[in-house]
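What follows is the residue order along each chain.
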Amino acid sequence: MLYLVRLVACLALIALALFDLRARRLPNGAVLAVAGLYIVFALLSHAGRTDLPRHLAMGAFVLALCALFFRFGWLGGGDAKFAAAIFLWAGPLLAVPVLLIVSLSGLMLGLMLLAIRACYGVSEARLPSLLLPLAPARGVPYGVALALGGLAAVWMPLLHHASPA
């Protein structure tokens, strides 16, 4: 059952990444589903029930921090909520590796947008249809980077438990 919850969470993460690419929006319902799936996962897992308070605290901390980033215009509101859901899954033990994955993915995405801008300019009219979701004028779809970090947060605990003692 835990694998099924993880798989559904991954489908939601992928859907959010694709939606952000297409519309530069992250639907609240889908973000809430990612967070809710962690609660379901934690309640179904003995270890998850004991870790739940720490994971909730991490999600709340990231939400507060990202709300501040939103206030200063550094991050979109949907990205702030999505980050909180991702770090709810990560918890304090996986926060640093997930942050590293999100940061490096975001950096690569930003560099791709700069390269597209250098090659094609800002106008969407000059872009090949394949690159339209990455039109520089539309901004950075940071939900893609967050989704990659979310995929890691969902599956990394298995790597930790699978390692020999």
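## Here's the deal with the packing of helix α1 (residues 2–23) against helix α4 (residues 77–120)
Now for step 1: Where α1 meets α4, the closest approach of the two axes is 13 Å, and the angle between their N-to-C directions is 160 degrees. It follows from the interaxial angle that α1 and α4 lie roughly antiparallel. As for the relative orientation of α1 and α4, their crossing is left-handed in sense. On α4, the residues that touch Val5, Ala9, Leu13, Leu16 and Asp20 of α1 are Asp79, Phe82, Ile86 and Trp89.
Now for step 2: Each residue belonging to the contact of α1 with α4 can be placed in one class, and the counts come to 7 nonpolar, no polar and 2 charged.

## Looking at the nonpolar core
Now for step 1: Grouped together as the largest cluster of nonpolar side chains are 47 residues, with contacts concentrated most on Phe82, Phe87, Trp89 and Val98.
Now for step 2: Secondary structure elements with two or more residues in this core: α1, α2 (28–44), α3 (46–71), α4 and α5 (142–162).
Now for step 3: At 16 residues, α4 tops the list of elements feeding residues into this core.

## Some details on the packing of aromatic side chains
Now for step 1: For the structure on display, the rule yields 6 aromatic pairs.
Now for step 2: Ring geometry for Tyr38 against Trp89: centres 5.2 Å apart, planes inclined by 70 degrees, an arrangement best described as edge-to-face. In this pair, Tyr38 sits in helix α2 while Trp89 sits in helix α4, placing the two residues 51 residues apart along the sequence.
Now for step 3: For Trp89, a relative accessible area of 5% translates into the label buried.
Now for step 4: Joined through ring pairs, the aromatic side chains of Tyr38, Phe41 and Trp89 make up one cluster.

## Re the environment of Asp51
Now for step 1: Inspection of the secondary structure assignment puts Asp51 in helix α3.
Now for step 2: Asp51 sits 28 residues away from Asp79 along the chain, and the two C-alpha atoms are 25 Å apart.
Now for step 3: Side chain to side chain, Asp51 and Arg54 meet in a polar contact 2.6 Å long.

## A word on the environment of Pro53
Now for step 1: As for its placement among the helices and strands, Pro53 is situated in helix α3.
Now for step 2: We classify Pro53 as exposed; its relative accessible area is 53%.
Now for step 3: For the pair formed by Pro53 and Pro92, sequence separation is 39 residues and the distance between their alpha carbons is 11 Å.

## Description of the layout of surface pockets
Now for step 1: Here the second largest pocket is characterised by a volume of approximately 320 Å³.
Now for step 2: Forming the walls of the second largest pocket are 17 residues, and the residues nearest its centre are Cys66, Phe69, Ala83, Phe87 and Leu99.
Now for step 3: Of all the secondary structure elements, the ones that give two or more residues to the lining of the second largest pocket are α3, α4 and α5.
Now for step 4: In terms of residues, the lining of the second largest pocket owes the most to one element, α4, which gives 7 residues.
Now for step 5: Residues of the lining of the second largest pocket, tallied by class, amount to 15 nonpolar, 1 polar and 1 charged.

## Quick notes on α3
Now for step 1: The end-to-end C-alpha distance of α3, which contains 26 residues, comes to 38 Å, matching closely the 38 Å that a straight helix rising 1.5 Å per residue would cover.
Now for step 2: Largest kink in α3: about 55 degrees, centred on Leu52, with the proline Pro53 one to four residues after it.
Now for step 3: Taken together, the buried positions of α3 are Gly48, Leu52, His55, Met58, Gly59, Val62 and Cys66.
Now for step 4: In this structure, the buried residues of α3 make contact with α2 and α4.
Now for step 5: Immediately downstream of α3, the backbone of Gly73 shows phi near 80 degrees, a positive value.

The rules behind these values
Residues numbered from 1 in each chain as written. Predicted model: local features only at pLDDT ≥ 70, side-chain atom pairs only at ≥ 80, totals over all residues. Heavy atoms only, no water. Axes fitted to C-alpha atoms, helices over the stretch in contact; angles between N-to-C directions. Helix = DSSP H or I, 4+ residues; strand = E, 2+ residues; numbered from the N terminus. Parallel < 35°, antiparallel > 145°, perpendicular 65-115°, else oblique. Left-handed = near helix turned anticlockwise from the far one by under 90°. Contact = heavy atoms within 4.5 Å. Nonpolar A, V, L, I, M, F, W, Y, C, P; charged D, E, K, R; others polar. Core = buried A, V, L, I, M, F, W, Y, C linked by side-chain atoms within 4.5 Å. Buried < 20%, exposed > 50% of the residue type's maximum accessible area, 1.4 Å probe, protein only. Phe/Tyr/Trp six-rings, centres within 6.5 Å; stacked < 30°, edge-to-face > 60°. Polar contact = N/O pair within 3.5 Å; in protein donor to acceptor, adjacent residues only side chain to side chain. 1 Å grid on protein atoms, 1.4 Å probe; cavity = no way out; pocket = protein on both sides within 12 Å on 5 of 7 lines; lining within 4 Å. Points joined across faces, edges and corners; volume = space filled by probe spheres on them. Expected span 1.5 Å × (residues − 1). Bend = angle between axes of the 7 residues up to and from the residue.

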